[in-house]
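# Results of the structural survey
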Amino acid sequence: MTHPASGSPTGAPTGAAPDPVPPARRSGPGERDSPRRSSYERWRAPLGSRATALHAGAWWLWALGLATAASRTTNPLVLGLIVGVAGFVVAARRTDAPWARSYGAFLKLGLVVVGLRLLFSMLLGSPIPGTHVLFVLPEVPLPAWAQGIRFGGRVTAEQLVFAFYDGAKLAALLVCVGAANALANPARLLKSLPAALYEAGVAVVVAMTFAPNMVADVVRLRTARRLRGRPTGGIRAVLQIGLPVLEGALERSVAVAASMDARGYGRTAEVPPAVRHTTTVLTLGGLLGMCAGTYGLLAAQGAAYGLPVLGLGAASALAGLRLGGRRSVRTRYRPDRWGARAWLVAGSGAAVAGLLIRAGGVDPAGLHPGVVPLVAPTLPLWPAAAVLIGLLPAFVAPVPPKEASK
């Protein structure tokens, strides 16, 4: 058929060669639907949602690992590094939930603990001998029955440094617990508990959420007073804020009790007496075995039998909890899954704890700087590098919606 304008079969001008037509290329399966993803895109942290949320137990295991590492050292540089790692992860992965704002309160509580430890050391003295006297406080004479206790007296640099190291360790432990409170959802943590521990877990979760909810109430009331032009500092303001906080706590406790009663809290199913007795024996025997095994691991003479007894005790306790779960009539809707990212988060905390325990046996002087004679603390290199493993959750945990929207 000839084109009317050109007279050529292809519609091109007369005398021009037709354009070559490339052969058709057949695409593979799924190539047109989605592009090939790189390894970085597959392993980078997903956006936070109900389906990709990290297991709450992973955050607690990570925080307990950092706390265990903090308990193995008095070096202020290593303790400060642990606090910095916990703070960085909290800043990167916390949400806008009320419990996520409790980290700052725990950090301030840690500073208060350090200050109180220094104050008590100055007032009550210290068993640490020292030669660098800073100042002398008026000493109060005590009766004969209080021999060995003094109030006031000289204050040395050695005793203050020792008190600061001791207070910094306790402050780091509090900060690690605060990091777990700020990152883990208490309600979802309760859902992950075994059925036999549900009632005890409710009490623990309510106790853990008391401090975050109280901090949220104080922040809300202080903001309201500031917007109304009223002072937020001073004794009078504290008293005016404290009464609504206590009233809100009472109303919240009544609401929680009503909701627990409406959902059948405390109701159990009927089980045979033999199962109840077996559950009691296995649980108590397992707990006693775990205590004996832990003591054997800590004692120098019981290292041979400590680990087997600890393993048998843990297995017995788990069997008891499994049998005890038959009494619970509670069901779980969409239980949280323990995925690969949860293993990475929990494993990073366990790695930090294990490496710091190992470092305490290899280089105890680096983790416990001396105060008599008074020496400046130094940062041990490979224990500090081990602490940096705790930063892994900031890169593998799901990104919260607040950060994802930026």
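Residues numbered from 1 in each chain as written. Predicted model: local features only at pLDDT ≥ 70, side-chain atom pairs only at ≥ 80, totals over all residues. Heavy atoms only, no water.

What follows deals with the overall build of the chain. When you go through the chain residue by residue, the secondary structure sums to 15 helices and 2 strands. Here the chain holds 406 residues, and the buried ones make up 33% of them. Sequence-distant contacts in the chain: of pairs separated by 6 or more residues, those separated by 24 or more amount to 77%. Put simply, the chain shows about 25200 Å² of open surface, and 67% of that area lies on carbon and sulfur atoms. (Helix = DSSP H or I, 4+ residues; strand = E, 2+ residues; numbered from the N terminus. Buried < 20%, exposed > 50% of the residue type's maximum accessible area, 1.4 Å probe, protein only. Contact = heavy atoms within 4.5 Å. Areas by Shrake-Rupley, 256 points an atom, 1.4 Å probe, with all protein chains shown as cover.)

Further remarks concern the side chain of Glu158. Considering the arrangement of structural elements, one finds Glu158 in helix α5 (residues 157-183). Lacking a salt bridge, the buried Glu158 has Arg154 as its closest oppositely charged neighbour, with an N-O distance of 7.8 Å. Dropping the residues within four chain positions of it, Glu158 is found in contact with Ile128, Pro129, Gly130, Thr131, His132, Val371, Val372 and Leu374. (Lys, Arg positive; Asp, Glu negative; His and termini not counted. Salt bridge = Lys/Arg side-chain N within 4 Å of Asp/Glu carboxyl O.)

Once that is clear, we can look at the packing of aromatic side chains. For any pair of aromatic rings, the description consists of the separation of the ring centres together with the inter-plane angle of the planes. Applying the stated criterion across every chain yields a total of 3 aromatic pairs. Pairing Trp59 with Trp62 gives two aromatic rings, centres 5.8 Å apart and planes at 80°, and the pair type is edge-to-face. Here Trp59 and its partner Trp62 are both found in helix α2 (residues 56-71), 3 residues apart, which amounts to about one turn of the helix. Across the pair, exposure class does not vary: Trp59 and Trp62 are buried alike. Each ring, one from Trp338 and one from Trp343, has its centre 5.7 Å from the other, and the planes form 75°; the classification is edge-to-face. Judged by its relative accessible area of 31%, Trp338 is partly exposed. (Phe/Tyr/Trp six-rings, centres within 6.5 Å; stacked < 30°, edge-to-face > 60°.)

The next thing to look at is helix α11 (residues 340-362). For α11, which comprises 23 residues, the first-to-last C-alpha distance of 32 Å matches the rise-based estimate of 33 Å (1.5 Å per residue) to within 8%. Taken together, the buried positions of α11 are Arg341, Ala342, Val345, Ala346, Ser348, Gly349, Val352, Ala353, Leu356 and Ala359. (Expected span 1.5 Å × (residues − 1).)

A cluster of nonpolar residues, Leu109, Val112, Leu116, Leu119, Phe120, Leu124, Val140, Leu142, Ile149 and Phe151, forms a patch on the protein surface that exposes about 850 Å² of accessible area. With 6 residues, helix α4 (residues 103-124) is the single largest residue contributor to the nonpolar patch. Tracing the sequence through the fold places Leu119 in helix α4. (Patch = residues over 30% accessible without salt bridge, like charges linked within 9 Å, V, L, I, M, F, W, Y side chains within 5 Å.)

The peptide bond linking Val372 to Pro373 adopts the cis configuration, its omega dihedral lying at -5°. Position of Pro373 among the secondary structure elements: in the loop between α12 (364-367) and α13 (381-387).

The contact between α2 and α11 brings their axes to 8 Å, and the two run at 10°. As summarised for this structure, α2 and α11 are arranged roughly parallel, according to the angle between their axes. For the pair α2 and α11, contact is made by Ala58, Trp59, Leu61, Trp62, Gly65, Leu66, Thr68 and Ala69 and by Ala342, Val345, Ala346, Ser348, Gly349, Val352, Ala353, Leu356 and Ile357, respectively. Of the residues in the contact of α2 with α11, the class split is 13 nonpolar, 4 polar and no charged. (Axes fitted to C-alpha atoms, helices over the stretch in contact; angles between N-to-C directions. Parallel < 35°, antiparallel > 145°, perpendicular 65-115°, else oblique. Nonpolar A, V, L, I, M, F, W, Y, C, P; charged D, E, K, R; others polar.)

The next point concerns the packing of α4 against α5. Packed helices, taken two at a time, are described by the angle their axes make and the gap between the axes. Put simply, α4 and α5 touch, their axes get as near as 8 Å, and they point 160° apart. In this view, α4 runs roughly antiparallel relative to α5, as classed from their interaxial angle. For the crossing formed where α4 meets α5, the hand is right-handed. Across the contact of α4 with α5, the residue classes tally to 20 nonpolar, 6 polar and 2 charged. (Left-handed = near helix turned anticlockwise from the far one by under 90°.)

Here the focus is the confidence of the model for the chain. Summarising the model, the chain shows a mean pLDDT of 76, and 72% of its residues fall at 70 or more. Low pLDDT, under 50, characterises residues 1-19; the stretch is placed with 10 contacts to residues that sit more than four places away or in other chains. Taken together, the stretch residues 21-34 has pLDDT below 50 and engages in 2 contacts with residues farther than four places along the chain or on a different chain. (pLDDT = per-residue confidence, 0-100.)

All right, on to the pattern of salt bridges then. Under the counting rule described, the total for this entry stands at 1 salt bridge. Of the charged contacts, one joins Asp166 and Arg117 as a salt bridge, the two residues approaching to 3.3 Å between their closest N and O atoms. Taken together, the residues Asp166 in helix α5 and Arg117 in helix α4 connect sequence positions 49 residues apart. Its relative accessible area of 32% is what places Asp166 among the partly exposed residues. Overall, Arg117 belongs to the partly exposed group, its relative accessible area being 26%.

With that settled, the discussion passes to the nonpolar core. Ranked by size, the top nonpolar core spans 41 residues in total, and within it Trp59, Trp62, Ile82 and Leu356 carry the most contacts. Those elements that provide at least two residues to this core are α2, α3 (76-93), α5, α11, α13 and α14 (393-396). With 10 residues, the single largest contributor to this core is α2. Those residues in contact with Leu356 that lie beyond four places of it in its chain are Ala69, Arg72, Val78, Leu367, Pro383, Ala386 and Val387. (Core = buried A, V, L, I, M, F, W, Y, C linked by side-chain atoms within 4.5 Å.)

Once that is clear, we can look at α4. Along its 22 residues, α4 runs 31 Å from first to last C-alpha, staying within 8% of the 32 Å computed at 1.5 Å per residue. By the burial criterion, the buried members of α4 are Tyr103, Phe106, Gly110, Val113, Val114 and Ser121. Down the axis of α4, the smallest arc covering the buried residues is 95°, so these residues share one side. Pointing more than 90 degrees away from the buried face of α4 are the exposed residues Lys108 and Leu111. Of the residues trailing α4, Gly125 is marked for its positive phi of about 80°. (Arc of directions from axis to C-beta.)

Checked against the element boundaries, Arg222 lands in helix α7 (residues 198-227). Taking the relative accessible area as the measure of exposure, Arg222 reaches 31% and is therefore partly exposed. Beyond its immediate chain neighbours, meaning those up to four positions away, Arg222 contacts Thr232 and Ile241.

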